[in-house]
Amino acid sequence: MKTALVTGSSARIGAEIIRVLHKNNYQVIIHCNNSKEIADQLCNDLNNLRENSAKVIVCDLSNIASIDMINDSIDSLDLLVNNASVFYPNSIGESSPEHWDSILNVNLKAPFFLAKGLSEKLSSQNGSIINIIDIHAERPLEKHAIYNISKAGLKMLTQTLAKELAPSIRVNGVSPGSILWPEQDAQLTDDDKNLMLKKIPLNSQGSPKDIADTVLFLANANYITGQTINVDGGRTLAQ
Ligand SMILES: NC(=O)c1ccc[n+]([C@@H]2O[C@H](COP(=O)([O-])OP(=O)(O)OC[C@H]3O[C@@H](n4cnc5c(N)ncnc54)[C@H](OP(=O)(O)O)[C@@H]3O)[C@@H](O)[C@H]2O)c1
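Remember, predicted model here, so these are calculated numbers, not experimental data.

Enquirer: Sorry if this is basic, but what is going on with unusual backbone geometry here?
Expert: With the exception of glycine, most residues fall at negative phi, and the peptide bonds are largely trans. Note the cis peptide between alanine 166 and proline 167, where omega equals 5 degrees. Here proline 167 shows up in the loop between helix H5 (145-165) and strand S6 (170-176). Of note in the backbone geometry, asparagine 52 takes a positive phi value of approximately 55 degrees without being a glycine. By C-beta crowding, asparagine 52 is classed as exposed, having 7 other C-beta atoms within 10 Å. Phi angles above zero are rare outside glycine, and asparagine 203 is one such case at about 75 degrees. Counting through the fold element by element, asparagine 203 comes out in the loop between helix H6 (190-198) and helix H7 (208-220).

Given below as structure tokens:
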């Protein structure tokens, strides 16, 4: 049985990736930072479906020592999905070095050092890495400078790792368009939401399952590496 680690997977898109991989016979490692309670709940649900098929790892990905702890705590790995992310608005004028670190550390530095630390284990399984990027890696989202930069870096990381870790590890990306509305600091007004929906040729938001199914496709796609698939209802056509 294959094993997958999905970062930031207690809820929302990450949790759906976990459910779809689990349904497809993966042993899953649910990673969380603040959301331990709901991660445990998801883990229990999956273990009730199949005994000893899920476990939870808690770690703050902004802390490099904790990332080493994740790498050391995993025995064998077939699939790493870098999904955890920090997303909140900041105009250039109000951006600080602390904002830069809080976003770049989780969205870019952590995927790099997880890939580095887990590469030997992935390599021995002929495994793969899938980075969850964003269509705004290509065209910037207004007032989200640091986030845009982090995701552009993650897209380049995908290509760089694909080249350097071949032939034993494949590395690909999935770039979601609008899937779930942001929460907390990044909430949108109804007007903003309607404006965004009007720009999507397929006329609606995507679902977490659209992202999870693409992750599963790439995990099985033995002759694809270095690619990023936009799952955006055609949004990039209208940008
Ligand atoms: N939602 C969308 O429509 C959309 C659109 C484009 C791209 N994406 C990308 O798709 C992925 C999933 O999106 P989402 O909206 O489901 O993500 P999300 O809910 O904003 O974040 C996912 C998880 O990241 C974890 N995280 C944040 N800071 C962390 C830290 N310091 N250490 C460890 N974990 C941390 C959080 O875990 P805890 O709760 O446990 O702290 C959170 O549950 C992200 O990479 C996002 O950029 C999403």
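From this point, the discussion proceeds with the structure in view.
Enquirer: Explanation requested: the site of the ligand in the structure shown.
Expert: Around the ligand sit 25 residues, and of these Gly8, Arg12, Cys32, Asn33 and Ser85 come closest. Considering every element that reaches the shell around the ligand, the biggest residue donor is helix H1 (residues 12-23), with three residues. The class makeup of the residues in the shell around the ligand is 12 nonpolar, 10 polar and three charged.

Enquirer: Please clarify how the nonpolar core should be interpreted in this entry.
Expert: In a soluble, globular protein the nonpolar side chains are often hidden away together inside. Within the largest apolar cluster, 58 residues are counted, with the highest numbers of intra-cluster contacts made by Ala4, Ile17, Val28, Ile30, Leu80, Val81 and Val215. In terms of residue count, helix H4 (residues 97-124) provides more of this core than any other element does, eight residues in total. Dropping the residues within four chain positions of it, leucine 80 is found in contact with Leu5, Leu114, Ala115, Leu118, Leu122 and Ile129.

Enquirer: Explain the packing of H4 against H5 here, please?
Expert: Axes are the key here: two packed helices are described by the angle between their axes and the distance separating the axes. H5 packs onto H4 with a crossing angle of 15 degrees between their chain directions and a minimal axis gap of 9 Å. Between H4 and H5, the crossing angle belongs to the class labelled roughly parallel. The handedness of the crossing between H4 and H5 comes out as right-handed. Residues His99, Trp100, Ile103, Leu104, Asn107, Leu108, Pro111, Phe112, Ala115 and Ser119 of H4 touch H5, and the partners they reach there are Ile146, Tyr147, Ser150, Lys151, Gly153, Leu154, Leu157, Leu161 and Leu165. A per-class count over the contact of H4 with H5 returns 13 nonpolar, five polar and one charged.

Enquirer: Please explain the environment of histidine 136 as it appears in this structure.
Expert: Mapped onto the fold, histidine 136 is located in the loop between strand S5 (128-132) and H5. For histidine 136, a count of 21 C-beta atoms within 10 Å translates into the label buried. Sequence spacing of histidine 136 and valine 81 is 55 residues, and the spatial spacing of their C-alpha atoms is 19 Å.

Enquirer: What's the story with the packing of helix H3 (residues 64-73) against H4 in this structure? I'm lost.
Expert: As a packed pair, H3 and H4 sit with axes 9 Å apart at the nearest point and diverge in direction by 35 degrees. Crossing of H3 against H4: the hand is right-handed. Between H3 and H4, the residues in contact are Ile64, Ile67, Asp68, Ile70 and Asn71 and Ala110, Phe113, Leu114, Gly117 and Leu118, respectively. Residues belonging to the contact of H3 with H4 are distributed by class as follows: seven nonpolar, two polar and one charged.

Conventions used here
- Residues numbered from 1 in each chain as written.
- Predicted model: local features only at pLDDT ≥ 70, side-chain atom pairs only at ≥ 80, totals over all residues.
- Helix = DSSP H or I, 4+ residues; strand = E, 2+ residues; numbered from the N terminus.
- Buried ≥ 20, exposed ≤ 12 C-beta atoms within 10 Å, placed from the backbone.
- Near = placed C-beta within 6 Å.
- Nonpolar A, V, L, I, M, F, W, Y, C, P; charged D, E, K, R; others polar.
- Core = buried A, V, L, I, M, F, W, Y, C linked by C-beta atoms within 7 Å.
- Contact = placed C-beta atoms within 7 Å.
- Axes fitted to C-alpha atoms, helices over the stretch in contact; angles between N-to-C directions.
- Parallel < 35°, antiparallel > 145°, perpendicular 65-115°, else oblique.
- Left-handed = near helix turned anticlockwise from the far one by under 90°.

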